[in-house]
2 protein chains.
Amino acid sequence: MPDPMWKQIAEDLRQKIESGVLGSDGKPLPTELELQADYSASRNTVRDAIKWLVGRNLVYTRSGQGTFVAPKVDPFVTKLVAGSQSSAEGDSQAFTAEVLGLRRLPTVSLPRVEILAATGLPARELAVPRGTTVISRHQQRYIDGVPYSRQTTFYPMHLVERGAARLINAEDIREGAVHYLERELGIREAGWRDRFNVRLPDQDEGAFFSLPDDGRIPVFEIVRTGYDDSGIPLRVTVTTYPADRNQFVMEFGRVPGVPASDRSEGSHE
Amino acid sequence: MPDPMWKQIAEDLRQKIESGVLGSDGKPLPTELELQADYSASRNTVRDAIKWLVGRNLVYTRSGQGTFVAPKVDPFVTKLVAGSQSSAEGDSQAFTAEVLGLRRLPTVSLPRVEILAATGLPARELAVPRGTTVISRHQQRYIDGVPYSRQTTFYPMHLVERGAARLINAEDIREGAVHYLERELGIREAGWRDRFNVRLPDQDEGAFFSLPDDGRIPVFEIVRTGYDDSGIPLRVTVTTYPADRNQFVMEFGRVPGVPASDRSEGSHE
DNA sequence: GCAAATTTGTTCGTATGTATT
DNA sequence: CAATACATACGAACAAATTTG
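Keep in mind it's a predicted model, so treat the numbers as computed, not measured. (Residues numbered from 1 in each chain as written. Chains lettered and ligands numbered in written order. Predicted model: local features only at pLDDT ≥ 70, side-chain atom pairs only at ≥ 80, totals over all residues. Heavy atoms only, no water.)

(A) Looking closely at the overall build of chain A. When you go through chain A residue by residue, the secondary structure sums to seven helices and twelve strands. Per-residue burial for chain A yields a buried fraction of 51% across its 269 residues. Once local pairs closer than 6 in sequence are excluded, the contacts in chain A between residues at least 24 apart make up 59%. Accessible surface computed for chain A: about 12300 Å², of which carbon and sulfur atoms make up 51%. (Helix = DSSP H or I, 4+ residues; strand = E, 2+ residues; numbered from the N terminus. Buried < 20%, exposed > 50% of the residue type's maximum accessible area, 1.4 Å probe, protein only. Contact = heavy atoms within 4.5 Å. Areas by Shrake-Rupley, 256 points an atom, 1.4 Å probe, with all protein chains shown as cover.)

(B) Examining the relation of the copies chain B and chain A more closely. When chain B is fitted to chain A, the residual RMSD is 0.1 Å, and the transformation amounts to a turn of 180° plus an axial shift of 0.1 Å. When the rotation and shift are considered jointly, the pair of chain copies conforms to a two-fold rotation axis. The C-alpha atom lying nearest the rotation axis in chain B is that of Arg216 of chain B; the distance is 3.3 Å. (Least-squares fit on C-alpha atoms with pLDDT ≥ 70 in both.)

(C) View of the protein's contact with DNA strand C. Met5, Trp6, Asn44 and Thr45 of chain A together with Arg43 of chain B are the nearest of the 23 residues found near DNA strand C. Within 4 Å of the protein, the contacting atoms of DNA strand C are 64% sugar and phosphate, with bases supplying the remainder. Between DNA strand C and Met5 of chain A there is a distance of 2.3 Å, counted from a phosphate oxygen to a backbone nitrogen or oxygen. Contact distances for DNA strand C include 3.3 Å between a base oxygen and a backbone N or O atom of Gly64 of chain B. Breaking the surface near DNA strand C down by element, the ones donating at least two residues are α1 (5-18) and α3 (43-55) of chain A together with α3 (43-55), β1 (59-62) and β2 (66-69) of chain B. Top contributing element to the surface near DNA strand C by residue count: α3 of chain B, with three residues. The class makeup of the residues in the surface near DNA strand C is four nonpolar, 15 polar and four charged. (Near = heavy atom within 4 Å. Polar contact = N/O pair within 3.5 Å; in protein donor to acceptor, adjacent residues only side chain to side chain. Nonpolar A, V, L, I, M, F, W, Y, C, P; charged D, E, K, R; others polar.)

(D) Up close: the interface of chain B and chain A. Each side of the interface is counted separately: chain B has 65 residues, and chain A has 66 residues. Carbon and sulfur atoms supply 47% of the area that chain B and chain A bury against each other, a total of about 5600 Å² over both sides. Here chain B and chain A share four salt bridges between them. The partner of Glu251 of chain A in a salt bridge is Arg193 of chain B, with the nearest N and O atoms 2.9 Å apart. (Buried area = accessible area lost by both parts, 1.4 Å probe. Salt bridge = Lys/Arg side-chain N within 4 Å of Asp/Glu carboxyl O.)

(E) Representation of the packing of α1 of chain A against α3 of chain A within the structure. All names here are of chain A. Contact pair α1 / α3: the axes reach a minimum separation of 8 Å and the direction vectors enclose 50°. Taken together, the axes of α1 and α3 lie oblique to each other. With respect to the hand of their crossing, α1 and α3 are arranged in right-handed fashion. For the pair α1 and α3, contact is made by Met5, Trp6, Lys7, Ile9, Ala10, Glu11, Leu13, Arg14 and Ile17 and by Thr45, Asp48, Ala49, Trp52 and Leu53, respectively. Among the residues forming the contact of α1 with α3, the class breakdown is nine nonpolar, one polar and four charged. (Axes fitted to C-alpha atoms, helices over the stretch in contact; angles between N-to-C directions. Parallel < 35°, antiparallel > 145°, perpendicular 65-115°, else oblique. Left-handed = near helix turned anticlockwise from the far one by under 90°.)

(F) Representation of the protein's contact with DNA strand D in the model. Taken together, 23 residues surround DNA strand D, and among them Arg47 of chain A together with Met5, Trp6, Asn44 and Thr45 of chain B come closest. In DNA strand D, atoms within 4 Å of the protein come 64% from sugar and phosphate. Arg47 of chain A is positioned such that a nitrogen or oxygen atom in its side chain is 2.9 Å from a phosphate oxygen of DNA strand D. Here a phosphate oxygen of DNA strand D sits 2.4 Å away from a polar atom, N or O, in the main chain of Met5 of chain B. Those elements that provide at least two residues to the surface near DNA strand D are α3, β1 (59-62) and β2 (66-69) of chain A together with α1 (5-18) and α3 of chain B. Grouping the amino acids of the surface near DNA strand D by side-chain chemistry returns four nonpolar, 14 polar and five charged.

(G) Here's a closer look at unusual backbone geometry. Residue and element names in this part refer to chain B. In this structure, Asn57 is a non-glycine residue whose phi angle is positive, near 60°. In this structure, Asn57 sits in the loop between α3 and β1. You will see that Ala127, though not glycine, has its phi angle at about 55°, which is positive. Assignment of secondary structure puts Ala127 in the loop between α4 (120-126) and β7 (133-143).

(H) Region of the structure containing helix α6 (residues 177-185) of chain B. All names here are of chain B. Among the residues of α6, Ala177, Val178, Tyr180 and Leu181 are the ones counted as buried. Taken down its axis, α6 places every buried residue within 160° of arc, on the same side. Its buried side turned inward, α6 meets β8 (146-156), α5 (158-161) and β11 (233-242). Note on α6: the residue one or two positions beyond its end, Gly186, has a positive phi of about 70°. (Arc of directions from axis to C-beta.)

(I) Layout of the nonpolar core. Grouped together as the largest cluster of nonpolar side chains are 28 residues, with contacts concentrated most on Phe196, Phe220 and Phe248 of chain A together with Phe196, Phe220 and Phe248 of chain B. When contributions to this core are tallied by element, the ones reaching two or more residues are β3 (76-80), β9 (191-199), β10 (219-227) and β12 (246-253) of chain A together with β3 (76-80), β9 (191-199), β10 (219-227) and β12 (246-253) of chain B. For Phe220 of chain A, the contacting residues outside a window of four places in its chain are Asn197, Val198, Thr239, Thr240, Tyr241, Ala243, Asn246 and Phe248 of chain A together with Asn197, Val198 and Phe220 of chain B. (Core = buried A, V, L, I, M, F, W, Y, C linked by side-chain atoms within 4.5 Å.)

(J) Structural view of the confidence of the model for chain A. Residue and element names in this part refer to chain A. With 86% of its residues at a pLDDT of 70 or more, chain A has an overall mean of 81. Segment residues 83-96: pLDDT under 50, and 43 contacts once partners within four positions in sequence are set aside and those in other chains are kept. Scored below 50 in pLDDT, residues 259-269 makes 42 contacts in the model with residues more than four places away or belonging to other chains. (pLDDT = per-residue confidence, 0-100.)

(K) Representation of the environment of Val238 of chain A within the structure. Structurally, the position occupied by Val238 of chain A is in strand β11 (residues 233-242). With 44 residues separating them along the chain, Val238 of chain A and Asp194 of chain A place their C-alpha atoms 9.7 Å apart.

(L) Here's a closer look at the side chain of Arg193 of chain A. Counting through the fold element by element, Arg193 of chain A comes out in strand β9. A polar contact is formed between the side chain of Arg193 of chain A and the side chain of Glu251 of chain B, at a distance of 3.0 Å.

This is the structure:
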């Protein structure tokens, strides 16, 4: 059974795009009417083909203008630090990470601090009953002005009651919240667990990252739960990154040099 | 500006699905004809709404049968080991990982071994010129019979020339290829770098994992490059996992207990 | 095993709305 | 304002897959 016509058209266009016949990076494709004539198909069928290409991020459409070849993105490479460099952690680095690459300017929003009742994930990770009061500190991070990640850290309220008052100030904790807790309360983060996950963005994330609504681009979600010496959760940080422009690198043991910022391509058998 | 009608229908159905009004896990939705009547819309408009739901993995359709509420998946949780437990590595664990959870039976295919000319990623990561001969060892892994991951490890040919003959045997290296190299040649893997990436599956991966062709489900790609004491690449392992049923966990320092196999849900502000 | 009924999949045509130039 | 191009919506017909009688 042959592929449906829309799929054949889509594959033909894909091949033409990837081989560069249709130009690259912002070059307009023929209009739907022209494609309709080229392939002797109805406009709706051509549109089905274009929809498939849009879903693969090969083209994008703009009302009233046309359909264009999508540019290849140069991904941000975030290095997740495995060692215990956490002393250098700032609030803006509450999720210990480092953006690699030259000529890239990271900026961070001021934290938005909320006092709220723990639900779902925060309650579970902090091992407190639902409804327990927790502190939430939320920040948005940009690279070269482009939204890069959002993160929210939840702390149990008893940390404030025991003296860590700055947790409820809407100001950056320059030395790093984890380090602040250690200096102020003598509570050390003895270890942490990271969970990696990929899921579709919720509405807020979609708006912040300007992601399309069609579920074509997922987000990385990294949940980092930190524990003190007794194994009691100290904090949980949820960070999300759009998956279309982010990569993560981790290193263990002795590793030479700086990783080239390469985007892997397809299969390698 | 109100949402288009197909979107309103989609949102209404989404709400009905998530609140359980339409039943769960395999319950059929009303047929397109019924929905057409319910919403006073054309069949094509109803179909646009359903397409959106399919894209979010909320429903799936089966020709000749109907549209059904998609089951929630219980994800595999893979633990990426950060320490140097690599001595316990088998070929089937060449990518040091551990599947968490009870009642889960991992199985591994026999390796498919190929001798080929390095291209693209393998050449780059092994720091050899394109065209250099390398060994490729490919394996497929299943959990409870469900395709779980595919991985290909590339080794420089000179390892075989220096005595590591078993690399080119299509048999599992039980003690682990990395350990075998150390015992046989005295070459130790002093460190490694992991790159995490999310991309759409290629054709092979789509077929192996039974992923839909519409680009709705991406794959995790983890590229692990191992280096010897002098910083020379020893091997590069490319492992892919379908993103819809996999999560990754890493732990650093002292972390209590076993992580609950929770799926995070939505936003947590 | 076959035929009918049901349901989704594909393709066409057409009309109108909205965004951009 | 007009022209162009994509977006939405309707209606219709037939194909393909599946279940049922």
